[in-house]
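# Survey of secondary and tertiary structure
Take a look at the letters that make up each chain.
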Amino acid sequence: MGFLDTLLGRSKPARPNLDQLFALPSAAITLESGAGFTPTGQGSVCFASVEGGAFAGLQREVRDLLDADTEGGGIPVEFSQDAYGFTWLLTQHAPDDTAGLVNDLHAVNTTLRDGGFGPQLLCSLLGFRDAQGRSLALVYLYKRGTFYPFAPLPDASTKRDNGLELQVRALLTDDLRIEKDLGRWFPVWGAPGL
């Protein structure tokens, strides 16, 4: 950061640290013991698609990498597009294999970043559910290098359980780097894996 940036009050954004994703398995244990939410075994990565052969080749590489275990009973990855034109990759593991799921999410993010498509990465999420059937996601904002909880209300298509989100924030403060700016806790309605 230069002198003018300091003088004008500008700051550099936090650099993404994909290794923070490896804190999710311990956060999952904290979330289960503190709030009763267990992993669903589903996680997803959202990115802005780019036209061209290089990006299409990278998508094939990611699919081949993650689908390598499908012959042994693994679930193939799924690609989908949301209403805003963003691409979602959904990967699934057994609910008790959070570490394997996180490895997949990390591999996707790393492959896209190392292929020169880091700016297209938006977020990754890991899904959870409680005994009452409530959904919760821990969302990693790639460009901010932070996490936040997203809890849609089960009976409403576009309403959130803000109380639950704040409860989860307090619960996971020691496990994850939580996004402090609540205005950046963007809703991810209909995200695969939620």
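Note that residues are indexed from 1 along each chain, following the sequence as it is written. The model is predicted, so local features are restricted to residues of pLDDT at least 70 and side-chain atom pairs to those at 80 or more, both for listing and for counting; the totals for chains, interfaces and linings are taken over all residues. Side-chain calculation: all heavy atoms of the structure are included, whereas hydrogens and water are not.

### Here we look at the packing of aromatic side chains
Note the cut-off: What counts as a ring pair is set by centres within 6.5 Å for rings of Phe, Tyr and Trp (its six-membered ring), and what kind of pair is set by the plane angle: stacked under 30 degrees, edge-to-face over 60, tilted for all other angles. To qualify as a helix, a DSSP run of H or I must reach at least 4 residues; to qualify as a strand, a run of E must reach at least 2; elements of each kind are numbered from the N terminus. Each residue is assigned to one of three classes by its accessible area relative to the maximum for its type, calculated with a 1.4 Å probe on protein chains only: buried under 20%, partly exposed between the two thresholds, exposed over 50%.
Under the defined criterion, the tally for this structure stands at three aromatic pairs. Here tyrosine 148 and tryptophan 185 contribute two aromatic rings whose centre-to-centre distance is 6.0 Å and whose plane-to-plane angle is 20 degrees, an arrangement assigned as stacked. Taken together, the residues tyrosine 148 in strand E6 (residues 146–150) and tryptophan 185 in the segment after helix H5 (162–172) connect sequence positions 37 residues apart. Overall, the relative accessible area of 1% leaves tyrosine 148 in the buried class.

### Structural notes on the pattern of salt bridges
Condition: Salt bridges are counted wherever a side-chain nitrogen of Lys or Arg sits within 4 Å of a carboxyl oxygen of Asp or Glu.
Tallying each qualifying case throughout the model produces six salt bridges. Residue aspartate 161 pairs with arginine 134 through a salt bridge whose shortest N-O separation is 3.8 Å. Highlighted residues: aspartate 161 in the loop between E6 and H5 and arginine 134 in the loop between strand E4 (121–129) and strand E5 (135–141), separated in sequence by 27 residues. Classification of arginine 134 by relative accessible area gives partly exposed; the value is 26%. Where glutamate 165 meets arginine 160, a salt bridge forms, and the shortest distance between an N and an O atom there is 3.0 Å. The same class applies to glutamate 165 and to arginine 160, which are both buried.

### As for the sheet that holds strand E2 (residues 78–81)
Applicable threshold: Following DSSP output, two strands are said to pair if at least two bridges run between them. Lines fitted to the C-alpha atoms define the axes, with helices restricted to the stretch that makes contact. Angles between their N-to-C directions range from 0 to 180 degrees. Whether two residues are in contact is decided by their heavy atoms: any pair within 4.5 Å suffices.
If you trace the six strands from one edge of the open sheet to the other, you get E2-E3-E1-E4-E5-E6, paired in antiparallel fashion. Here the strands that pair on one side only, and so sit at the sheet edges, are E2 and E6. Across the sheet, the axes of successive neighbouring strands diverge by a mean angle of 25 degrees, strand direction being ignored. Where E2 and strand E3 (residues 86–92) come together, four bridges link them in antiparallel fashion. Each residue of the ladder has a partner; that of glutamate 78, found in E3, is leucine 90. Strands in contact with H5 are E5 and E6; relative to E6, the strand with the most contacts, it is inclined by about 140 degrees.

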